[in-house]
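Structural description and commentary
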Amino acid sequence: MIRLYLTFLDRELPEIPEELLSSYRAEKLAGTKNKTARQQSIGAELLLRHALCDCGYPVIAPLELERAGYGKPYLRTGECFFSLSHSKQAVLCAVSDVECGADVQIIRPVNRALVERYYAPTEKEAVLSAEDPDETFTAIWAMKESYIKSSGLGMRIPLPSFSVLEPALSSHIWCKKINRFFLSVYGDRLKTEEIKFTQVKTSALLF
């Protein structure tokens, strides 16, 4: 099962003392001056804490996170897997007992250059023939991101080399539109009926 948590940051989050941040988060924030980016990053850490607690895992601050070979974060204890993503005010977290990748994207206008460069032929056709090309473009991008994030290889997997619309992948991808955003999660053994989705108020993260 994959449990998916979404929050829309509707208030300013407090800066967290460095000693209460995971070393992974502290490192990211150290190089981040932009206020919006800092809020997104802090929101991701707080949502991960909330999700782990809600799933019954012990949560002690700071979280003990490590980086895999290509930079994907994981829990040092290895009790479960997780994936984080943010876009504008939306922050998404997936927690699972198997490797997974999650992504959230705000709906944006079709970027023809990105479609030509990064989309597989069936994906290009889907965008160009869609009733709402902007939504289809964004949904496919979110699904592709969730797939490459699941392995931890990221952009090392050539994006045109696979299509998220082919049954071999699409059967393991959950994708949903909420407000102006598309959420996507991928897992090798994912059954979409096993997804448990929870929307979390920002106030619930402040513990």
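Look above for the structure.
This text gives an overview of the structure that appears in the document.

Rules of the game
- Residues numbered from 1 in each chain as written.
- Predicted model: local features only at pLDDT ≥ 70, side-chain atom pairs only at ≥ 80, totals over all residues.
- Heavy atoms only, no water.
- Salt bridge = Lys/Arg side-chain N within 4 Å of Asp/Glu carboxyl O.
- Helix = DSSP H or I, 4+ residues; strand = E, 2+ residues; numbered from the N terminus.
- Buried < 20%, exposed > 50% of the residue type's maximum accessible area, 1.4 Å probe, protein only.
- Phe/Tyr/Trp six-rings, centres within 6.5 Å; stacked < 30°, edge-to-face > 60°.
- Lys NZ or Arg CZ within 6 Å of the ring centre and 35° of its normal.
- Contact = heavy atoms within 4.5 Å.
- Polar contact = N/O pair within 3.5 Å; in protein donor to acceptor, adjacent residues only side chain to side chain.

Further remarks concern the pattern of salt bridges. When their charged atoms lie close together, side chains carrying opposite charge are able to pair. Per the counting criterion, the structure on display carries twelve salt bridges. In this structure, Arg3 and Asp54 form a salt bridge, with 3.0 Å as the shortest nitrogen-oxygen distance. A residue pair is termed long-range when its members are at least 10 positions apart, and Arg3 in strand β1 (residues 2-8) and Asp54 in helix α2 (residues 35-54) qualify at 51 residues. When salt bridges that share partners are traced, they join Glu64, Glu66 and Arg76 into one network.

By secondary structure assignment, the location of Lys201 is in the segment after β9 (196-200). Among the residues examined, Lys201 registers a relative accessible area of 64% and is labelled exposed. For Lys201 and Leu165, which are 36 residues apart along the polypeptide, the C-alpha to C-alpha distance reads 32 Å.

For the rest of this paragraph, the subject is the packing of aromatic side chains. Within the structure shown, the criterion is met by seven aromatic pairs. Pairing Tyr118 with Trp141 gives two aromatic rings, centres 6.0 Å apart and planes at 70°, and the pair type is edge-to-face. Of this pair, Tyr118 sits in helix α3 (residues 112-118) while Trp141 sits in helix α5 (residues 133-151); the two residues are 23 residues apart in sequence, bridging distant segments of the chain. Look at Tyr147 and Tyr186: their rings are 5.0 Å apart centre to centre, the planes differ by 90°, and that puts the pair in the edge-to-face class. Placement of Tyr147 in helix α5 and of Tyr186 in strand β8 (residues 181-187) is noted, with a sequence separation of 39 residues between them. Tyr186 sits in the buried class, given a relative accessible area of 4%. Among the aromatic residues, those joined into a ring-pair cluster are Tyr118, Tyr119, Phe137 and Trp141. Residue placement shows Lys144 over the ring face of Tyr119; its charged tip is 5.9 Å from the ring centre.

Counting through the fold element by element, Arg76 comes out in the loop between β3 (73-75) and β4 (81-87). Measuring from C-alpha to C-alpha, the distance between Arg76 and Glu66 comes to 5.9 Å, with ten residues separating the pair along the chain. Discounting chain neighbours no more than four positions away, the residues touching Arg76 are Glu64, Leu65 and Glu66. Among the polar contacts listed, one links the side chain of Arg76 to the side chain of Glu66, at a separation of 2.7 Å.

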